[in-house]
Each structure stands twice: as structure tokens, then as C-alpha cells.
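Residues per chain, in single letters:
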Amino acid sequence: MADIALTSDDEKEGEEALAEGEALLAGGCVSASHIEFHIGAIESALRRGAWEKVERHAAALEAYTSEEPLPLTDFLIERGRALMAIGRDGPSPEGTGRVWRLCEEARRFKFLAALPALEGALSLSRQPD
């Protein structure tokens, strides 16, 4: 369902798909479904600039994996929150440093799909006033 939200140009359709996905998760699903859904929901919210939804899905994923944290989900939660902070509040030295660290981590682990949005956020911090 998060895939629909990611690919749809229709915000209402995306929101309906996310609501349906959350209902399915509440009914009981395998762990991979929870993880994939919230990762997709974070990315969809980032693309739409829906900052409160980024945090809601990041918190849900963090809570879901809290007993058995996973490096990938920890990274994606941190990435979502870092991009949200820059998108919502604008660049700051702390936020830029956080994004640099995430870029380094993505390169180290060859998670190159995570880089474009991070590098885009860094380019915001280099723009003149």
C-alpha cells in the first residue's frame, strides 16, 4: 500500500492507500510487511513534505523494531528525521552535519539509493541567502 502512495500523483489516493495499509498491519502481518510499509510511508511523506507523517511513521517503525533493532531500519529512521528537519526548518549546522554522517554511512554500506535525497538536502545548505 505504501508503494501506491509513493507512485501516485493523487494525494487522496495515496492517503487512502496508507490508511488501508495501516488497517492491514493492525490485523496482523509478518514483520517484513510492517517494515516495508513504514519505510515506504516515510519516503512518501518526505516527497510530499508531510513532516508530521514522516515523524509518525518513523516513530512507528522505531517502536516496531525496538526490541530487535536493525541497522537498515535505524538508518532509514534517522535519514527520514534528518531530511524532515531540513525540509521543515531549513538547513542548520547540526542538521547538515547529521546529513553528512548519513551520506558517509550510505556510501560505506553501498546503500546508494539513499543518497540522492541526502545530497539534495546538502545542496540546500550551500545555497547563498
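Figured I'd write up the structure that's included with this text. Here the structure is a predicted model, which is why all the values come from computation and not from measurement. (Residues numbered from 1 in each chain as written. Predicted model: local features only at pLDDT ≥ 70, side-chain atom pairs only at ≥ 80, totals over all residues. Heavy atoms only, no water.)

**Quick look at the pattern of salt bridges**
For step 1, the next point in the chain: Applying the stated criterion to the full structure yields ten salt bridges.
For step 2, the next point in the chain: Close ionic contact of E43 with R47 constitutes a salt bridge, the shortest N to O distance being 3.5 Å. Linking E43 with R47, this pair stays in helix α3 (residues 31-48), spanning four residues, or about one helical turn.
For step 3, the next point in the chain: R47 gets classed as exposed once you look at its relative accessible area, which sits at 57%.
For step 4, the next point in the chain: Between E55 and R81 there is a salt bridge whose closest N-O contact spans 2.9 Å. Note that E55 is positioned in helix α4 (residues 51-64) and R81 in helix α5 (residues 71-89), a separation of 26 residues in sequence.
For step 5, the next point in the chain: The buried category is assigned to R81, whose relative accessible area is 15%. (Salt bridge = Lys/Arg side-chain N within 4 Å of Asp/Glu carboxyl O. Helix = DSSP H or I, 4+ residues; strand = E, 2+ residues; numbered from the N terminus. Buried < 20%, exposed > 50% of the residue type's maximum accessible area, 1.4 Å probe, protein only.)

**With respect to unusual backbone geometry**
For step 1, the next point in the chain: Residues other than glycine seldom take positive phi values, yet K110 does so here, at roughly 60 degrees.
For step 2, the next point in the chain: Within the secondary structure, K110 is located in the loop between α6 (93-108) and α7 (115-125).

**Notes on α6**
For step 1, the next point in the chain: Its 16 residues give α6 an end-to-end C-alpha distance of 23 Å, which sits within 8% of 22 Å, the value for a rise of 1.5 Å per residue.
For step 2, the next point in the chain: Along α6, the residues classified as buried are G95, T96, G97, V99, L102, C103 and A106.
For step 3, the next point in the chain: Residue K110 follows α6 closely and has a positive phi angle near 60 degrees. (Expected span 1.5 Å × (residues − 1).)

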